[in-house]
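So the chains spell out like this:
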Amino acid sequence: MPSKKISLLIIFFLLCFIIQSVSAVNMESPLFKIQYGEIGIAGGNKSSTNYNLSDTVGQTAAGQFSSNGYIVKAGFQYIHSIIPFRFSISNTNINFGNLLPNSPQTASTTLTVSFGAAGQYQVTAIEEGKLRTLDDVNQIPDTQCDGGSNTCNESLAKPWTSNSAYGFGYNIDGNDIPNDFINNTYFRPFPNRTENENPAIVMSSTNVGKNRQATMTLKVNISPIQPAGRYQTIINFVATPSF
Amino acid sequence: MKNDNLKFKIKKIFIFFLIFFLLLFSTTKKIFAQQVSLSLSPPLIETIIKPGKSILIAYTIVNYGDPTVLTTKILPFEPKNNFGQIKIKDEFEGPIRFSLDNANFNLGQDFFLKTNDSEQLLLRIRAPEGTPEGDYYYTLLVGSLPQFAQEEKSASFAKATIGSNILITVTQSGQIDIKPKITIFQVLPRLRFSFFGKTINLFDSTDSIPIVLIVENKGKNLIKPEGQIILKGNFGERAKFDILPQNILSQSQRLMLATPSADLKCTPNSKLKACQRSISLIIPGFFLGFYQLSTSLIFGENSPQISASTSFFAFPMKIFFGFTIFLAIIIFIIKKIKNEE
């Protein structure tokens, strides 16, 4: 009998923790309420074997609204946002640990993009200065990969396998990446904003997609004469849909 | 009796620990590295505006990642190439004025967003009196601030920014300058040669047909072509492919995409021409004989229609060459046997 009671108690406790809280969607801010170009109270895609239909109920103007002196094209029917434009970085603190000479260190982060209406998208990357100590006295140069015929640059990846080739660079692997990243030994240096270089496109696609993922691996290899210190930089990723 | 009591006590302790661990595991949350996940909508705004007028656009930014501090800014952009990619400029320029109508922050000021929280950004766009007619292209950027870790390790800190493009046409009369031109409409054949001054495009019958269509906008305002690519065969067969309506910014070119298109499985070292450049349309199938391809584009009501055409031959080259080699080997063997006899 007591075991029955205890079993009931366990079930009750489990139920309490399995049931998740439910929140309502905020429809307005405490400071203001705005009527947008359209208010879709219902809508979406309907289909059967014979037809496809997309509709919106409750729009003040379907897809496009105009007024005296301007026209704006926006809203659900105009830009069919089945998949909202979304950009994620799995880890913003890409930690290399303690850097040791001639011993390459790598760390990675995953970029994820979902997009629908935009049709096309791009993700660019640029470093806000070289990997450098906080006092800005010492810097780790951007990689040139293995050098010689395997010299890479901001727009061309080449193999970087030699432990005596020093610098800082990245490899990217996954969906919608540039073709020159043939395998995980191919690296490029980041473009440097302080040297007026243009951001490099690291992901782009013309196809609609959800959860397009690419893993970026950052690599650092320092020479024995590299002064000791904590080296840091910021990598700026910008995701934009097309026009 | 004593034994029973002991058993019951052990059972109680066991059940107590079971509940304790169940509670512990169900309440302990997984710990991940600092993650940024942002969504911004709408992804694109197109507006035609008179000088002296202003409009208000409501954007929604949602934070699906860890709680973060965000900041907003507007920067101009220009097309980077003809694939729809953009190059965002480093500094603001142009006559269009932007501000946020939000009560608690403006452009360039930080705001905090919790996990799964959203904020409405009320962007006011104003074309001041005297703004020259033409197009102005900008991107609204909402970005996280990098979070530096206080640790004695070397590291890179990622900053995530998400953008939404704003295409503004300033016009006094509402008239749009439409000056389109088809610069490239061609197939990428297996073989191409000249014959009596005519270019002959030759495919194997089993090849997919890659087509490139590039349209140039020589006008002052952006245009959006609509139309079709039509394939006509010599046996009366006909197929239509819709061109996706995509904006072509003023004084730029764009590769148009058509649908439904086949997908090529390209490897990094592929020598296929279609794998080495961007393609508008890939038509799969078995082709035999002469084919004509044509396209016609319109740019809205009362706009000029432009068209272009090309053609190709398809011949079962692989089968033919295979059969020829097979025949040659057979003849060679027969001759050899006859000679030996």
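These figures come from a predicted structure and were not determined experimentally. Counting restarts for each chain, with residues numbered from 1 along the sequence as it is written. Chains carry letters from A onward and ligands carry numbers from 1 onward, assigned in written order. The model is predicted, so local features are restricted to residues of pLDDT at least 70 and side-chain atom pairs to those at 80 or more, both for listing and for counting; the totals for chains, interfaces and linings are taken over all residues.

J.: What should I look at first to understand the overall build of chain B in this one?
T.: Numbering of helices and strands runs from the N terminus, with a helix taken as a DSSP run of H or I at least four residues long and a strand as a DSSP run of E at least two residues long. For chain B, the count of helices and strands is three helices and 21 strands. Between the two quantities, the radius of gyration covers C-alpha atoms and the globule rule is 2.2 Å times the number of residues to the power 0.38. The globule rule puts the C-alpha radius of gyration for 341 residues at 20 Å, and the 32 Å found for chain B is more than 25% above it. Buried residues in chain B amount to 32% of all 341 residues. Residue burial is a threshold on neighbouring C-beta atoms within 10 Å of the residue's own C-beta, all placed from the backbone, with 20 or more meaning buried, 12 or fewer meaning exposed, and counts in between meaning partly exposed.

J.: Honestly, the sheet that holds strand E8 (residues 117-126) of chain B in this entry has me stumped. Any pointers?
T.: By definition, the strands of a sheet pair up through backbone hydrogen bonds, in either a parallel or an antiparallel sense. Strand pairing follows a simple DSSP-based rule, namely that at least 2 bridges must link the two strands. In space, the eight strands of this open sheet follow the order E14(A)-E17(A)-E7(A)-E5(A)-E1(B)-E3(B)-E8(B)-E6(B), with antiparallel pairing throughout. Each edge of the sheet is formed by a strand with only one pairing partner; in this case those strands are strand E14 (167-174) of chain A together with strand E6 (97-100) of chain B. Going across the sheet, the axis of each strand differs from the next one's by a mean of 20°, ignoring polarity. Interaxial angle, 0 to 180 degrees, is taken between N-to-C directions of lines fitted to C-alpha atoms, where a helix line uses only the stretch in contact.

J.: Even after reading the chapter, I still don't get the sheet that holds strand E20 (residues 289-298) of chain B, so can you show me in this structure?
T.: All names here are of chain B. Strand order in this open sheet of seven strands is E12-E13-E21-E20-E15-E16-E18, and the pairing throughout is mixed. Each of the sheet's edge strands pairs with one partner strand only, and the pair in question is strand E12 (191-195) and strand E18 (258-259). The sheet contact formed by strand E15 (residues 226-233) and E20 spans eight bridges and is antiparallel. Note on E20: the bridge partner recorded for Gly233 is Tyr291.

J.: Would you mind going over unusual backbone geometry with me for this structure?
T.: Of all residues except glycine, most have a negative phi; of all peptide bonds, most are trans. In this structure, the amide linkage connecting Ser41 of chain B to the following residue, Pro42 of chain B, adopts the cis form with an omega of 0°. Note on placement: Pro42 of chain B falls in the loop between strand E1 (36-41) and strand E2 (44-49). Here the amide bond leading from Thr259 of chain B into Pro260 of chain B is cis, since omega sits at 0°, within 30 degrees of zero. The topology assignment puts Pro260 of chain B in the loop between E18 and helix H2 (273-276). A positive phi angle is found at Asp136 of chain A, which is not glycine, with a value near 65°. Turning to its location among the elements, Asp136 of chain A is positioned in the loop between strand E9 (131-133) and strand E10 (139-140). Of note in this structure, Phe196 of chain B is not a glycine but carries a positive phi near 50°. Mapped onto the elements, Phe196 of chain B comes out in the loop between E12 and strand E13 (198-204). Under the C-beta neighbour-count criterion, Phe196 of chain B is labelled exposed, with 5 such atoms within 10 Å.

J.: Looking at this structure, how should I read the environment of Ala160 of chain B?
T.: Tracing the backbone through its elements, the reader meets Ala160 of chain B in strand E10 (residues 154-170). Considering only alpha carbons, one finds Ala160 of chain B and Leu38 of chain B, 122 residues apart in sequence, at a separation of 8.3 Å. Here, residue contact means that the backbone-derived C-beta atoms of the two residues sit within 7 Å. Ignoring anything within four residues of it in the chain, the contact list for Ala160 of chain B reads Phe87, Ile89 and Phe237 of chain A together with Val36, Leu38, Gly143 and Ser144 of chain B.

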